[in-house]
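Single-letter residue listing:
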Amino acid sequence: SGQGSAYSTEIRTSGAVISGINLTGSLEVYETNVTIKNCNITTRNWFGINQRNGYHGLKIFNCTIIGVPGRGLDHGGEDYGISDDGGQMEVAHNNIYGFGEGITSGEGYFHDNYVHSLQSYIPIGSHSYQHTNALIDSGGAGIRVVHNTFLNWMPPRAGGSSSLMLAYDSAPVTHATVQDNWLAGGAYCLYPGGVTGSNHIVIKGNFFSNEFFPGCGFYGLNAATHWHYGSGNVWSRNVWANGRNAGHPVNP
């Protein structure tokens, strides 16, 4: 632990509150119910903040979390702005940029964040670009993603994947809410969690922007192969944010 371009500071006190720091490095959370707020974190590590496996309750509020392109440990890249190997977290009112993926988590409440300026790089041991997402949910129950701005400028040839991905790497996505977000970019703008076993995915009141690509994503809006078939899934009041169809309904 400690400070420096590629070092992390470990938090090992339950209920700790970290406030108002200006850190060059990263934070690793090894306890429950930790709060990190009003901080500026500039990292050249794999991540800016990481909640470790076995812990939960992390809150990250009003922080600026910056990756430095070309200076990180993964062939010059920083993989994650906020990474969650543990359980529930709340992430709100943060400015996150310069990472391959802005936020990666399977559980929690993510609201009022601005994730942008993702970076493109080829990870160690790979011959192709890192898949970039503003937020990726790797599967699980109960995620809420509300009133964020998620931007991914990269085309697929440079690793662009999505502005928001509800994936199913570890488990089907269930009882998820995606509401009132501004989404733009990626190969597909939105991957809404479709796979056998996914259910009760609510996508409503979102704005789909063509600021990077005419169809919101490079290939279009979403890749919803199985999403339509899940029980309890809802698609409601989603509209185009701009362009000639501004204000018109978006169909899944």
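Provided above is the structure to which this section pertains.
Just so we're clear, the structure is a prediction, and the values are computed from it rather than from any experiment.

What counts, and where the lines are drawn
- Residues numbered from 1 in each chain as written.
- Predicted model: local features only at pLDDT ≥ 70, side-chain atom pairs only at ≥ 80, totals over all residues.
- Heavy atoms only, no water.
- Helix = DSSP H or I, 4+ residues; strand = E, 2+ residues; numbered from the N terminus.
- Rg over C-alpha atoms; globule rule 2.2 N^0.38 Å.
- Buried < 20%, exposed > 50% of the residue type's maximum accessible area, 1.4 Å probe, protein only.
- Contact = heavy atoms within 4.5 Å.
- Areas by Shrake-Rupley, 256 points an atom, 1.4 Å probe, with all protein chains shown as cover.
- Lys, Arg positive; Asp, Glu negative; His and termini not counted.
- Charge placed at Lys NZ, Arg CZ, Asp CG, Glu CD.
- Pairing = 2+ DSSP bridges.
- Disulfide = S-S within 2.5 Å.

Chemist: What should I look at first to understand the overall build of the protein in this one?
Modeler: Assigned secondary structure in the protein consists of zero helices and 28 strands. On C-alpha atoms alone, the protein measures out to a radius of gyration of 17 Å, which is about the 18 Å that the 2.2 N^0.38 rule sets for 252 residues. With the C-alpha coordinates of the protein rotated into their principal frame, the extents come out at 50 × 35 × 30 Å. Across the 252 residues that make up the protein, the buried fraction comes to 53%. The long-range share in the protein, meaning contacts at least 24 apart out of those at least 6 apart in sequence, stands at 62%. Summing over all exposed atoms, the protein offers an accessible surface of approximately 10,400 Å²; the carbon and sulfur share of this is 49%. Looking at the protein, you have 11 positive and 16 negative side-chain charges, and the mean spots of the two groups are 6 Å apart.

Chemist: Explain the sheet that holds strand S3 (residues 22–24) to me, please; I cannot follow it from the model alone.
Modeler: In any sheet, the strands associate via hydrogen bonds between backbone groups, in a parallel or an antiparallel arrangement. One open sheet holds the nine strands; their spatial order is S3-S6-S9-S12-S15-S19-S22-S25-S28, and the pairing between them is parallel. Every interior strand has two partners, whereas the edge strands, S3 and strand S28 (239–240), have only one. The sheet contact formed by S3 and strand S6 (residues 40–43) spans three bridges and is parallel. For Thr24, the partnering residue across the bridge sits in S6 and is Thr42.

Chemist: Which parts of the structure should I look at to understand the state of the cysteines?
Modeler: A covalent bond between the sulfur atoms of two cysteines is what we call a disulfide. Summed over all chains, the structure comprises one disulfide. The thiol of Cys39 is not disulfide-bonded; the next cysteine sulfur, from Cys63, is found 4.5 Å away. Cys39 gets classed as buried once you look at its relative accessible area, which sits at 2%.

Fair warning: the whole summary comes from geometry, so function is off the table for now.
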